[in-house]
Amino acid sequence: KNNSYKLSNIDCASCALKIEDRVRKLNGVTTCNLNYIFLKLNVTFNEEIVSDEEIEECIHKSLRNVKIVQKNNIDFIDEYQEENIFKKILLRKNK
């Protein structure tokens, strides 16, 4: 199963890495990537081993103030698409 979590209240990259590392270590999680710029955590996991609720609990325990703003069961945006989105944002700011 693939889930995407839109997070808030992450103030630094090391906090993002802390969340990513702890979720990745959960038994049943196969991939876990947190994009600090978009505050988006993408997790692929075996739902027979670990549940959505366990992942959400791990997120909250990793960082006290973190909030899950939105959760989606999605197919991930690939890195190329994400990079292009980021470039467009930077171009708008530089105008």
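The following paragraphs examine the structure supplied in this document. (Residues numbered from 1 in each chain as written. Predicted model: local features only at pLDDT ≥ 70, side-chain atom pairs only at ≥ 80, totals over all residues. Heavy atoms only, no water.)

As a further point, take the side chain of N42. Examined against the element boundaries, N42 turns out to sit in strand β3 (residues 40-45). Taking relative accessible area as the criterion, N42 reaches 10% and is therefore assigned buried. Engagement of the side chain of N42 in a polar contact is seen with the side chain of S4, the distance being 3.3 Å. (Helix = DSSP H or I, 4+ residues; strand = E, 2+ residues; numbered from the N terminus. Buried < 20%, exposed > 50% of the residue type's maximum accessible area, 1.4 Å probe, protein only. Polar contact = N/O pair within 3.5 Å; in protein donor to acceptor, adjacent residues only side chain to side chain.)

Across the sheet, four strands lie side by side as β2-β3-β1-β4; this open sheet has antiparallel pairing. Edge positions in the open sheet fall to β2 (29-35) and β4 (67-73), since each of these has one partner strand only. The average undirected angle you get between the axes of adjacent strands in this sheet is 20°. With six bridges connecting them, strand β1 (residues 2-8) and β4 associate as antiparallel partners. Considered in β4, the bridge of Y5 is made with K71. Packed on one face of the sheet, helix α1 (residues 13-24) meets β2 and β3 and runs near 170° to β2. (Pairing = 2+ DSSP bridges. Axes fitted to C-alpha atoms, helices over the stretch in contact; angles between N-to-C directions. Contact = heavy atoms within 4.5 Å.)

Within helix α2 (residues 52-62) the residues assigned to the buried category are D52, I55, C58, I59 and S62. Here the buried residues of α2 occupy an arc of 130° about the axis, which is enough to place them on one side. For α2, the exposed residues lying more than 90 degrees away from the buried face are E53 and K61. Packing partners of the buried residues in α2 comprise β1, α1, β2, β3 and β4. (Arc of directions from axis to C-beta.)

By themselves these figures say nothing about function.
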